[in-house]
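# Summary of structural features
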Amino acid sequence: MGLGVAPARWRVAAVSFWRRVLEPRHDERAQALYAALVKQARQPEFYLGCGVPDTVDGRFEMIALHAFLLLRRLKRDRQQTADLAQAVFDLMFTDMDENLREMGTGDLGVGKRIKAMAAALYGRIKVYENGLAGDGLDQALRCNLFAAATPRAADVARLTLYLRREAAALDDTSLDQL
C-alpha cells in the first residue's frame, strides 16, 4: 500500500482538524455565525410567505443571501475579521460538500458542484453589493432567488426591503454583538 495522495474528504478533514487546533476561537465563532445564518435562511416565511422556491437551489440561494450579509459586515473590519470571514466561508462550503454527498452526489461530481457554488456565491456578492449601493437589487433578487419561477412583485419588494433593512442593521452592529 503506497502513501499516495489522500482522498479529498480526508484532506478537508485534516485541514479542519488543524484549523480547530490552531484557531479554536475563530472556529467556534465561525460555527456560531454560520449556524445563525443558516437558521435565518431556513425561516419558513421566505418560502411560504415570499415565494422563494423550497428546493435545493432555493435554499442555497437563501444561504448565499445571508452569507453575503454576514461577509459584507465582516469585510468592514477586515483587519480584525479576515480569518473569521474565511472560516465562515470554509464552513459554508464544507457544509455544502457534506450535503451534496448526503444527497447522493458522487465523489467525482462534488468538487465540480462546489466550485460552481463558490463561483455563484461570488457572483451574488457582487450583484447584491451593487444593488445595495444603487438600484437593481430587486432585479438581482428576482434572477437569483426565483430562478425559473415567476415571483410576485410584492414578494420581490418584501425581500428587497428585508435585504436593505438587514444590511443596515448589520452596519450598526459592533463586532462584539455579532
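Residues numbered from 1 in each chain as written. Predicted model: local features only at pLDDT ≥ 70, side-chain atom pairs only at ≥ 80, totals over all residues. Heavy atoms only, no water.

## A look at the nonpolar core
Counting 50 residues, the largest nonpolar core has M92, F93, M96, Y128 and L145 as the members making the most contacts within it. Within the residue set of this core, elements represented by two or more residues are α2 (24–41), α3 (44–49), α4 (56–76), α5 (78–102), α6 (107–133), α7 (137–146) and α8 (153–171). The biggest single contributor to this core is α4, with 11 residues. Other than its neighbours up to four places away in sequence, M96 contacts Y34, F60, I63, I114 and M117. (Core = buried A, V, L, I, M, F, W, Y, C linked by side-chain atoms within 4.5 Å. Buried < 20%, exposed > 50% of the residue type's maximum accessible area, 1.4 Å probe, protein only. Helix = DSSP H or I, 4+ residues; strand = E, 2+ residues; numbered from the N terminus. Contact = heavy atoms within 4.5 Å.)

## As for the pattern of salt bridges
A complete count under the given rule lists nine salt bridges for this structure. A salt bridge links E129 to R72, with the nearest nitrogen and oxygen atoms 3.5 Å apart. Note that E129 is positioned in helix α6 and R72 in helix α4, a separation of 57 residues in sequence. When its relative accessible area of 30% is taken as the criterion, E129 is described as partly exposed. For R72, the salt bridge is made with D171, and the minimal N-O distance between the two is 2.9 Å. Of this pair, R72 sits in helix α4 while D171 sits in helix α8; the two residues are 99 residues apart in sequence, bridging distant segments of the chain. In this structure D171 comes out as partly exposed when scored by relative accessible area, which is 30%. One continuous salt-bridge network, built from bridges that share partners, spans R72, E129 and D171. (Salt bridge = Lys/Arg side-chain N within 4 Å of Asp/Glu carboxyl O.)

## Regarding the packing of aromatic side chains
A full pass over the atoms with the stated rule returns four aromatic pairs. Ring centres of F89 and F93 lie 4.8 Å apart, and the angle between their planes is 45°; on these two criteria the pair is classed as tilted. With F89 and F93 both in helix α5 and four residues apart, the pair spans about one turn of that helix. Classification of F93 as buried rests on a relative accessible area of 9%. Each member of the aromatic cluster is reached from another via a ring pair, and the members are F89, F93 and Y122. It is R59 that lies over the ring of Y47; its NZ or CZ is 5.3 Å from the centre. (Phe/Tyr/Trp six-rings, centres within 6.5 Å; stacked < 30°, edge-to-face > 60°. Lys NZ or Arg CZ within 6 Å of the ring centre and 35° of its normal.)

## Quick notes on the confidence of the model for the chain
For the chain, the mean per-residue pLDDT works out to 87, and 85% of the residues sit at or above 70. Confidence, expressed as mean pLDDT per element, reaches its minimum in the chain at helix α1 (residues 8–22) with 50 and its maximum at α8 with 97. (pLDDT = per-residue confidence, 0-100.)

## Observations regarding the packing of α6 against α8
Axis separation between α6 and α8 bottoms out at 11 Å; the angle between their running directions is 85°. Relative to α8, α6 is oriented roughly perpendicular. Residues Y128, G131 and L132 of α6 lie in contact with α8, whose contacting residues are L163, R164 and A167. When grouped by side-chain class, the residues that make up the contact of α6 with α8 number four nonpolar, one polar and one charged. (Axes fitted to C-alpha atoms, helices over the stretch in contact; angles between N-to-C directions. Parallel < 35°, antiparallel > 145°, perpendicular 65-115°, else oblique. Nonpolar A, V, L, I, M, F, W, Y, C, P; charged D, E, K, R; others polar.)

## Observations regarding α5
Helix length check: α5 (25 residues) gives 34 Å between terminal C-alpha atoms against 36 Å at 1.5 Å per residue, within 8%. What α5 keeps buried is the set T81, L84, A85, A87, V88, F89, D90, M92, F93, M96, D97 and L100. (Expected span 1.5 Å × (residues − 1).)

## A short note on unusual backbone geometry
Unusually for a residue other than glycine, A147 sits at a positive phi of about 45°. Of note, A147 is situated in the loop between α7 and α8.

## Re the environment of A118
One can find A118 in helix α6. Spatially, the C-alpha atoms of A118 and F93 are 7.7 Å apart, while their sequence positions differ by 25 residues. Setting aside residues up to four positions removed in sequence, A118 forms contacts with F89 and F93.

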